[in-house]
Amino acid sequence: MPKLITFLSSLLQRVAESNDINQSLQSQKISVFHGLTRPSISIQSYLERIFKYASCSPSCYIVAYVYLDRFTQRQPTLPINSFNVHRLLITSVMIAAKFMDDLYYNNACYAKVGGISTTEMNFLEVDFLFGLGFNLNVTPTTFYKYCSYLEREMMMLQPQINMSESKLYMGISSKLHLSFNEDESSHHQQQQLAV
């Protein structure tokens, strides 16, 4: 399994846990992305499942990460938490694959991979696109910024992963918010990122 999947899932896990804790302090709306209960599958296992069966390019996971960040910036009352992270993840990866890859699976396939119905996948896609304001283009500069951020997270997390294998590891609570401020208005004339 690529390290990208491991570190992206770790980052999303920390964001979801942080927002679960802050849920009582902030008003959060319920959306089509919320499940009635927390899914029993971990974020890492879910992302590994998507990686295994969706066959999309590695760049799609970076672009999906950009989309998730844009979505949360445009929808501040809908932060990523343990009730919505799985549906947001399958939807963002599917949309990234459709936008980035020449060959991609249809919504029915992604629904099957994600463990939801095709009808629900269709609703999630439309809601996510409107939530993004249909802002799907990712410039090379933005792509590089998000890659660099994930690389820094990998470097910071690497010792924790090794320490977590030790029985002496007590756990480190880190508060993380998924957020970048993109200023791409001057870059709209740039060529679309093609990987």
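Parameters at a glance
Residues numbered from 1 in each chain as written. Predicted model: local features only at pLDDT ≥ 70, side-chain atom pairs only at ≥ 80, totals over all residues. Heavy atoms only, no water. UniProt positions renumbered as here; feature names shortened; annotations may be inferred. Helix = DSSP H or I, 4+ residues; strand = E, 2+ residues; numbered from the N terminus. Polar contact = N/O pair within 3.5 Å; in protein donor to acceptor, adjacent residues only side chain to side chain. Contact = heavy atoms within 4.5 Å. Core = buried A, V, L, I, M, F, W, Y, C linked by side-chain atoms within 4.5 Å. Buried < 20%, exposed > 50% of the residue type's maximum accessible area, 1.4 Å probe, protein only. Expected span 1.5 Å × (residues − 1). Axes fitted to C-alpha atoms, helices over the stretch in contact; angles between N-to-C directions. Parallel < 35°, antiparallel > 145°, perpendicular 65-115°, else oblique. Left-handed = near helix turned anticlockwise from the far one by under 90°. Nonpolar A, V, L, I, M, F, W, Y, C, P; charged D, E, K, R; others polar. Phe/Tyr/Trp six-rings, centres within 6.5 Å; stacked < 30°, edge-to-face > 60°.

Going by what an unreviewed UniProt entry lists, the chain is known as Cyclin and is assigned to Forsythia ovata. The chain has a UniProt comment under Sequence similarities (unreviewed entry) that states "Belongs to the cyclin family. Cyclin U/P subfamily."

Undergrad: Got a minute to help me understand the side chain of R87 in this structure?
TA: Its location among the elements puts R87 in helix α4 (residues 85-100). Side-chain polar atoms of R87 contact the side chain of E120, separated by 2.7 Å. Ignoring anything within four residues of it in the chain, the contact list for R87 reads V32, F33, H34, G35, I116, E120 and L124.

Undergrad: Looking at this model, I keep getting lost on the nonpolar core. Mind explaining?
TA: One broad rule of soluble globular proteins: the nonpolar side chains tend to lie buried together. Core analysis: the biggest nonpolar cluster contains 52 residues, and I50, Y61, Y67, L89, Y110 and F128 have the highest contact counts within it. Within the residue set of this core, elements represented by two or more residues are α1 (3-22), α2 (43-54), α3 (58-74), α4, α5 (107-114), α6 (118-132) and α7 (140-164). Y67 has contacts with S92, I95, A96, F99, F128, L132, N135, L136 and V138, leaving out every residue within four places of it along the chain.

Undergrad: Please clarify how α2 should be interpreted in this entry.
TA: The α-helix advances 3.6 residues per turn, and as a result positions three or four apart in sequence lie on the same side. Spanning 12 residues, α2 covers 16 Å between terminal C-alpha atoms, matching the ideal 16 Å at 1.5 Å per step. Elements in contact with the buried residues of α2: α1, α3, α4 and α5.

Undergrad: When you look at the packing of α2 against α4 in this model, what are you seeing that I'm missing?
TA: If you want to describe how two helices pack, look at the angle between their axes and the distance between the axes. The interhelical angle for the contact between α2 and α4, taken along N-to-C directions, is 25°, at an axis separation of 11 Å. With respect to each other, α2 and α4 are oriented roughly parallel. Note that α2 runs across α4; the crossing there is right-handed. In contact with I43, Y46, L47 and I50 of α2, α4 contributes V85, H86, L89, I90 and V93. Considered class by class, the residues forming the contact of α2 with α4 number eight nonpolar, one polar and no charged.

Undergrad: Help me understand the packing of aromatic side chains, please; the structure alone is not making it clear to me.
TA: The description of two aromatic rings rests on the distance between their centres and on the angle between their planes. Within this structure, the stated rule accounts for five aromatic pairs. Relative to Y61, the ring of F51 has its centre 6.1 Å away and its plane inclined at 50°; by these criteria the two rings are tilted. Of the two residues, F51 sits in helix α2 while Y61 sits in helix α3, which places them 10 residues apart along the sequence. Looking at F51, the relative accessible area reads 26%, which means it is partly exposed. Using a relative accessible area of 1% as the deciding quantity, one classes Y61 as buried. Residues Y65 and Y146 carry aromatic rings whose centres are separated by 5.2 Å and whose planes lie at 85° to one another, so their mutual orientation is edge-to-face. Linking Y65 in helix α3 with Y146 in helix α7, this pair joins segments that are 81 residues apart in sequence. Owing to a relative accessible area of 1%, Y146 belongs among the buried residues under this scheme.

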